[in-house]
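# Structural overview for review
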Amino acid sequence: MQFDASELPAWLAHLEQLHPSVIDMGLERVAKVRDAMQLQPQFPVVIVGGTNGKGSTCAMLSAAYRAAGFKVGTYTSPHLNRYNERVAIDLLPASDADIVAALRAVEAARGEVTLSYFEFGTLAAMRQFIDAKVDVAVLEVGLGGRLDAVNAFEPDVAAVVSVDLDHQAYLGDTREAIGFEKAGIFRAGRPAFCADPNPPASLVAHAGAIGADLQLIGRDFSFVNETTQWRWRGRHGQKPGLPFPALRGAYQLGNASLVVAIIDALHARLPVGIGDLKRGLLEVELAGRYQVLPGRPSIVLDVAHNPHAATALAHNLDNQGYFAATHAVFGCMADKNIDGVIQCLKSKIDIWHVATLATPRAATGEALAERIAAAGGRVVVYPDIASAYQAARSAAGENDRIAAFGSFYTVADVLALKPR
C-alpha cells in the first residue's frame, strides 16, 4: 500500500483490515517485525500497565521529564479524537507525515506477517521515537501486559498502576489471574513497581520468581497528604512540599507517587530536579480523566468504563460539591461490567441519558436503559451520544451537573461537540 502523507485515515482503515482479529495477544509476530526493522532503542524505556490509571501516570511522567529538559516519546491508547494523540514527542502529537512514514516502514518490513492494528501502531511509534532520538520512551500497555505488543520491547522500568477486573475474556476472571498477566512486563534485575495498595499474590510471586526488583506502594514508597501539599517517601529519602497534580481526583496522588518512584529509580540516567518535578505535576494535561469544564452547568468528562474506575468517579463526584441535579450521558461497550458501573454510580445520578456508541462492540442504548431501569434509575434513550448530550444540556439548569462517562467513545463524542 502506498499513500500520501495526507492520507493517514486511509492507512488506518487499511490497518483495520490487515488482521482477522482486532485483539490477538502474543509477541511472536510483533517480535519478528521488530527484529526485521532492527528496532533497538538505545534510550531508557518505561512500560506502564494496570487496569486504570495508566494514562494519567504516563502523562505525569512525560510532563516531568519534559520539564527537566529531556526529549520524551509517549505512546498511549486509545485516542479520543485523532490517532495522532497516541504518539507524542515532547508532549505534542505526531504529524500525519511522520506517522505515515513510520507505518510505511512497518509495512515494508513485515513481509507475510500479519499484525493487528495495535501491533502495527506500536512498532510505528517506536520507529518514530528512534528516528527522533528521544531521551526516554514512555509506553502504555494496551491490554494486559505479558502478551501486549509494547512488551516486545525491553523496559528499564516497568510499573503496574492498579489491578482489577476488566477484559476478563482475555486476562482471566480473577484479580490473581489478571495480576499475573500484568506482571508479565516485569524484568529480572530491573525496577518493577506496583501502586495497587492490595497487590495480587500472583504479581508479587512472579516478580520474585524472575528476580525483579519489586517495589510496592505502602511498603517501599508512599505518600502523605498534608492538605495543601503532599510528601513522598522512597528508598532514597523523602520529597516534601510537592504540589497536587493538575489532574483532578484524590486517586491521582497514588499515581503521582508512582511517577516519583519511577523518576527516582532512573535518576542516575535521567536526573529530574525537584523544581522540574513540581512543574511537571502542575502543568500536566490529559483529557477525559475527571476533566471538569469551566462554566455552568458543571460538565464532567471521564472515560470510566469499569467498576474500579466508576468507584473513583463516584468519589470524585461526591467531593465536587453540591448540585441540584446530576445528569449522566452514558454509553458503554457490551463486554464491560455494565451492571457494576451502574451500581457504583446510581446514587449519584438523577437521570441517565443513554445511547448506542458508534462502534460494533457497543451495548445498545435500549440494553443500557433496561439495566438502569432495573437498578431503579430514570433513563431516556437517544439515537447517539450527541443527541443525549444536547438533551442533557437543555434539561440541566445552571446549578446542575452533567457527567459524561462510560467509554473513550462517549467522551470523544462529547468533546467533538465543543461542549463550551
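It should be emphasised that the depicted structure is a prediction, and the values quoted were computed from it without experimental measurement.

### A short note on the side chain of D148
- Within the secondary structure, D148 sits in the loop between β5 (136-140) and β6 (157-160).
- With near-sequence residues (within four places) excluded, D148 lies in contact with L27, F118, V141, G142 and L143.

### Some thoughts on empty space enclosed by the protein
- For the structure on display, the rule yields one cavity of 30 Å³ or more.
- Every residue along the wall of the largest cavity is listed here: Y75, T122, A125, M126, F129, L139 and F153.
- It is helix α5 (residues 117-132) that contributes the most residues to the lining of the largest cavity, four residues altogether.
- Residue composition of the lining of the largest cavity, grouped by class: six nonpolar, one polar and no charged.

### Comments concerning the layout of surface pockets
- In this structure, the second largest pocket occupies an estimated 960 Å³ of space.
- As for the second largest pocket, its lining consists of 36 residues, and the residues nearest its centre are A59, L91, E285, L286 and A287.
- Here the element with the most residues in the lining of the second largest pocket is helix α3 (residues 54-67); it accounts for seven residues.
- Of the residues in the lining of the second largest pocket, the class split is 19 nonpolar, eight polar and nine charged.

### Focus: helix α7 (residues 175-182)
- Listed in full, the buried residues belonging to α7 are I178, G179, E181 and K182. Burial along α7 is one-sided: seen end-on, the buried residues are contained in an arc of 160°.

### Observations regarding the pattern of salt bridges
- Here the structure, examined in full by the defined rule, presents 17 salt bridges.
- The residue R187 makes a salt bridge to E154 at a minimum N-O spacing of 2.9 Å. Note that R187 is positioned in the loop between α7 and β7 (191-194) and E154 in the loop between β5 and β6, a separation of 33 residues in sequence.
- Judged by its relative accessible area of 14%, R187 is buried.

Reading the values: the criteria
- Residues numbered from 1 in each chain as written.
- Predicted model: local features only at pLDDT ≥ 70, side-chain atom pairs only at ≥ 80, totals over all residues.
- Heavy atoms only, no water.
- Helix = DSSP H or I, 4+ residues; strand = E, 2+ residues; numbered from the N terminus.
- Contact = heavy atoms within 4.5 Å.
- 1 Å grid on protein atoms, 1.4 Å probe; cavity = no way out; pocket = protein on both sides within 12 Å on 5 of 7 lines; lining within 4 Å.
- Points joined across faces, edges and corners; volume = space filled by probe spheres on them.
- Nonpolar A, V, L, I, M, F, W, Y, C, P; charged D, E, K, R; others polar.
- Buried < 20%, exposed > 50% of the residue type's maximum accessible area, 1.4 Å probe, protein only.
- Arc of directions from axis to C-beta.
- Salt bridge = Lys/Arg side-chain N within 4 Å of Asp/Glu carboxyl O.

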